[in-house]
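Chain by chain, the residues run as shown.
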Amino acid sequence: MASISVPGAIAGQPARSKANYLNASSGFLSWAFTLDHKRIGVMYLVGIFTAFLLGGLFALLVRTELLTPGPTITTHDWYNRFFTLHGAIMVFIVIIPGIPAALGNFALPIMIGAKDVAFPRLNLASFYMWVIGTLFAISTLAFGAVDTGWTFYTPYSTKYAFNGMIPVVAGAFILGFSSIFTGLNFIVTIHKLRAPGMGWFGLPLFLWSLYATALVQILATPVLGITLLLLLVERTLGVGFFNPELGGDPVLFQHFFWFYSHPAVYIMILPAMGVMSELISVFSHKHIFGYKFIAFSSVAIALLGFLVWGHHMFVSGQSNLVGMIFSAITFTIAVPSAIKVFNWLATMYKGSISLNSPMLYALSFMWIFGIGGLTGLFLGTMATDVHLHDTYFVVAHFHYVMAGTIFVLFGGIHYWWPKMTGKMFNEPLARLSCLLLFVGFNVTFFTQFMMGSHGMPRRYYNYPAQFQMYHQISSAGSYIMGLGVILMVGYLLHSLARGRKAPDNPWGGATFEWRTSSPPPVENFHEQPVVDDLYDYEKLFWDEQAGGYVRREVPDGAARPAH
């Protein structure tokens, strides 16, 4: 494809048309019916971030209610509904689709040199399924909401819960189809649309993680879908599957639910680990260490994730032998996770590290995920899990693992924001926002480790006075996080209106998306990029005039300019 000459083009960069995917067409319908993966990714991002703000609002309401024992701002019934909606929104609507659907949709085709995903119409259908599922889930507020917690445990959810149970479960069912279709699209795209010459070990590691995630999405999500369908049938028609009064078995529901929901943990974590590999390498300006080990560890985590669901059920009455087997398998999954962390650290070693905001989010994740992983050892051990089960220790561990992926989502948003929007954000404010989130997160949830180990049960509306100080410190941390999020929304929106024009490559990345314009053209590239080592930074140099990095060939034996 020939490049187009533009007067006044920046030296060191090819002359290009000013047309891009954002301004190629305008109007509501051009977005509503778009088949462009980049626009669909942006629409996912806006929707998911909006849902994140709603889920975060419910979290703040929960933490405010817990400032004092007994009633503070609401009744116990609405407190139960707040934490149920917080959990359901964050898990099913925000974290599971967050990185794959938003960042993956935007970046995947560009990173393999393709014009779009394999099935653009299916991609748009997946987005609207996410929208419909989200509306169903949120509409539960109009029906009195639900108070079962995000796990929808039976027989409580089929016998006692409110009328809002049907829309929220139907919403989760529809969201599952969106997830399956996205995973199917990504697998076919990676198989069939890679640039000529790009082999499996030439893929960016983010795409290895998306591929492993897609396998889990396709294989595990149908189990949840069938389980939720059975729940709806039992609730509406009275057919007994899980309710003992109808001849059902409530433990069967737990087996079905966790057979999906533990692999779902890796649907959330694996894409975050893929983004981490990109951020650590780019901002260390150093070739990724142990490429194949990181790639295979993604697949290993995806496969082992199917074998550990029983560690959620140590106190459900399963035999000690089964518990020991699930405990042993649970420990093995730490191996591929540790391989990734080791390789990230080895990549940073002797690297030229730039502490830009995406890197700060990546470093925050390493700290948070490290604590989340290590505290998981106590919950994977049967003897200690019995003591800690259903306490705030579990809440803290869960958030150190799951919310850690939110930090990577934020890191990825800041990393690809210039490419998505063509605008740079205020970097000092971005660093301050990251600091607020990091401090607030640890104040909120590290306190809960101590509270839980002293026996404070989770989800309780009332509590003994001895836990009030812990709750107040935890709530103060949540307010600090709220300030960090508000600040982030402010400077990102400001950048859209008044941000500096983004260069093609502001961070020094070597993958394909940094070889096209910011924002990219509709067809993604003006010229088909040449496949080479996507983690080789030797040809990238800082260009003051361009305000970013440019690629130059260095003749053999010539001195290499400093960055």
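Each remark here, short or long, concerns the structure printed above.
Residues numbered from 1 in each chain as written. Predicted model: local features only at pLDDT ≥ 70, side-chain atom pairs only at ≥ 80, totals over all residues. Heavy atoms only, no water.

K.L.:
How should I be thinking about the nonpolar core in this particular structure?
P.N.:
Considering soluble globular proteins, one finds that nonpolar side chains tend to be buried as a cluster. Counting 162 residues, the largest nonpolar core has Phe92, Val94, Phe206, Leu207, Phe410, Ile413 and Trp416 as the members making the most contacts within it. If one sorts the elements of this core by residue count, helix 3 (residues 76–111) sits on top with 22 residues. (Core = buried A, V, L, I, M, F, W, Y, C linked by side-chain atoms within 4.5 Å. Buried < 20%, exposed > 50% of the residue type's maximum accessible area, 1.4 Å probe, protein only. Helix = DSSP H or I, 4+ residues; strand = E, 2+ residues; numbered from the N terminus.)

K.L.:
Explain a nonpolar patch on the surface to me, please; I cannot follow it from the model alone.
P.N.:
Taken together, the side chains of Phe331, Leu374, Leu377 and Phe378 make up a nonpolar region of the molecular surface, amounting to roughly 370 Å² of accessible area. Among the elements that take part in the nonpolar patch, helix 12 (residues 357–380) stands out by supplying 3 residues, more than any other. Tracing the backbone shows Leu377 in helix 12. (Patch = residues over 30% accessible without salt bridge, like charges linked within 9 Å, V, L, I, M, F, W, Y side chains within 5 Å. Areas by Shrake-Rupley, 256 points an atom, 1.4 Å probe, with all protein chains shown as cover. Salt bridge = Lys/Arg side-chain N within 4 Å of Asp/Glu carboxyl O.)

K.L.:
What's the story with the side chain of Thr189 in this structure? I'm lost.
P.N.:
Structurally, the position occupied by Thr189 is in helix 6 (residues 165–192). Owing to a relative accessible area of 0%, Thr189 belongs among the buried residues under this scheme. Those residues within four positions of Thr189 in sequence are excluded, and the remaining contacts are Leu108, Ile112, Asp116, Val117, Ala118 and Arg194. (Contact = heavy atoms within 4.5 Å.)

K.L.:
Even after reading the chapter, I still don't get the pattern of salt bridges, so can you show me in this structure?
P.N.:
Pairing of side chains with opposite charge becomes possible as their charged atoms draw close. Evaluation of the coordinates by the stated rule reveals 6 salt bridges. Two residues, Arg458 and Asp390, come together in a salt bridge whose shortest N-O distance is 2.7 Å. Pair noted here: Arg458 is in the loop between helix 15 (427–453) and helix 16 (468–498) and Asp390 is in the loop between helix 13 (382–388) and helix 14 (392–421), with a separation of 68 residues, a long-range link. Judged by relative accessible area, which is 24%, Arg458 ranks as partly exposed. Given a relative accessible area of 36%, Asp390 falls into the partly exposed group. Within this structure, Arg515, Asp532 and Arg551 form a network of salt bridges that share partners.

K.L.:
What is the right way to read the pairing of strand 1 (residues 540–543) from this model?
P.N.:
If a strand is regular, its side chains alternate between the two faces of the sheet. Of the strand pairs in this sheet, strand 1 and strand 2 (residues 548–551) are connected by 4 bridges, and their pairing is antiparallel. By the bridge assignment for strand 2, Phe541 is matched with Val550. From the end of strand 1 to the start of strand 2, which pair antiparallel, there are 4 residues, and Gly547 there has a positive phi angle of about 75°. (Pairing = 2+ DSSP bridges.)

K.L.:
Could you clarify how one ought to interpret the side chain of Asn123 in this entry?
P.N.:
Along the chain, Asn123 turns up in helix 4 (residues 120–138). The contact partners of Asn123, leaving out residues within four places of it in the chain, are His37, Ile40, Asn105, Val117 and Asn185.

K.L.:
Where do I start with the environment of Met90 in this structure?
P.N.:
Within the fold, Met90 resides in helix 3. Here Met90 falls in the buried class, since its relative accessible area comes to 11%. Between the C-alpha atom of Met90 and that of Leu228, which follows or precedes it by 138 residues, the distance is 18 Å. Residues contacting Met90, with those up to four places away along its chain left out, are Phe52, Gly55, Gly56 and Ile95.

K.L.:
In this structure, what is going on with helix 9 (residues 291–304)? I would like to understand it.
P.N.:
Each full turn of the α-helix corresponds to 3.6 residues, which orients residues three or four apart in the same direction. With 14 residues, helix 9 extends 20 Å from end C-alpha to end C-alpha; this agrees with the ideal 20 Å at 1.5 Å per step. Of the residues making up helix 9, those classed as buried are Tyr291, Ile294, Ala295, Ser297, Ser298, Ile301 and Ala302. Along the long axis of helix 9, the arc covered by the buried residues comes to 160°, so they all point the same way. The exposed set on the far side of helix 9, more than 90 degrees from its buried face, consists of Phe293 and Leu303. (Expected span 1.5 Å × (residues − 1). Arc of directions from axis to C-beta.)

K.L.:
Help me understand unusual backbone geometry, please; the structure alone is not making it clear to me.
P.N.:
Here the bond from Thr154 into Pro155 is cis, since omega is 0°, no more than 30 degrees from zero. Tracing the sequence through the fold places Pro155 in the loop between helix 4 and helix 5 (156–159). Pro519 follows Ser518 through a cis peptide bond whose omega is -5°. Position of Pro519 relative to the elements: it lies in the loop between helix 16 and strand 1. Here the phi dihedral of Lys350 falls at roughly 65°; this positive angle occurs in a residue that is not glycine. Locating Lys350 in the fold gives a position in the loop between helix 11 (334–348) and helix 12. The backbone of Asn524 shows a phi angle near 80°, a positive value even though the residue is not glycine.

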